[in-house]
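# Understanding the architecture of this molecule
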Amino acid sequence: MARQPAKTLWYDRPRYVFLEFCVEDSTDVKVDIEDQRVVFSCKNADGVEMYNEINLYARVNSKDSQQKRSDRSITCFIRKWKEKVAWPRLTKENIKPVWLFVDFDNWRDWEGDEEVEMAMAEQYAELLQKVTVKGTPPAMDDLDDDI
């Protein structure tokens, strides 16, 4: 039986590149993260062998990278060698394989992320402040004593 590539989504962050191999009910999962490439293989629910080999755009820290399997996919967290350097594409070659897609649900421009994260932290602190401010307790005289 011939093997076929798995649909793969990717997105970029300052420290990591994320890959998601979309294979439901996968078995025999093998992910080999090397300094310049990723090799993925597994079998899907129908027993078809899935195989992807990706020569990466830039060097990664394979020792600080990991993967997580779920019922619907296998996600790889690949640590960049040079942090805070945007990758214009995932592959070393300037050719996009038909099975590779940008994960626009998770993609965002992270230039200036520090300001966004600081604003979110301040918003969270304000929310906590509102929750911890205690007012007078509500009147509970309308509750029945009979239970």
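As named in an unreviewed UniProt entry, the chain is Prostaglandin E synthase 3 like, taken from Chelydra serpentina. Among the UniProt annotations of the chain, the heading Sequence similarities (unreviewed entry) holds the following wording: "Belongs to the p23/wos2 family."

## With respect to the sheet that holds strand β1 (residues 7-12)
Across the sheet, which stays open at both edges, the five strands sit in the order β6-β7-β2-β1-β8 with mixed pairing between neighbours. With one partner strand each, in any of the chains shown, β6 (60-69) and β8 (100-102) form the two edges of the open sheet. Within this sheet the neighbouring strands show an average axis-to-axis angle of 20°, counted without direction. Pairing geometry for strand β2 (residues 16-22) and strand β7 (residues 74-80), over six bridges, is antiparallel. Counted as the bridge partner of Tyr16 is Arg79 from β7.

## Some points on the environment of Gln36
Positionally, Gln36 belongs in the loop between β3 (27-33) and β4 (37-43). In the structure, Gln36 is positioned 23 residues away from Arg59 in sequence and 5.1 Å away in space, judged by C-alpha atoms. When sequence neighbours within four positions are dropped, the list of residues in contact with Gln36 reads Ile54, Asn55, Leu56, Ala58 and Arg59.

About the thresholds
Residues numbered from 1 in each chain as written. Predicted model: local features only at pLDDT ≥ 70, side-chain atom pairs only at ≥ 80, totals over all residues. Heavy atoms only, no water. UniProt positions renumbered as here; feature names shortened; annotations may be inferred. Pairing = 2+ DSSP bridges. Helix = DSSP H or I, 4+ residues; strand = E, 2+ residues; numbered from the N terminus. Axes fitted to C-alpha atoms, helices over the stretch in contact; angles between N-to-C directions. Contact = heavy atoms within 4.5 Å.

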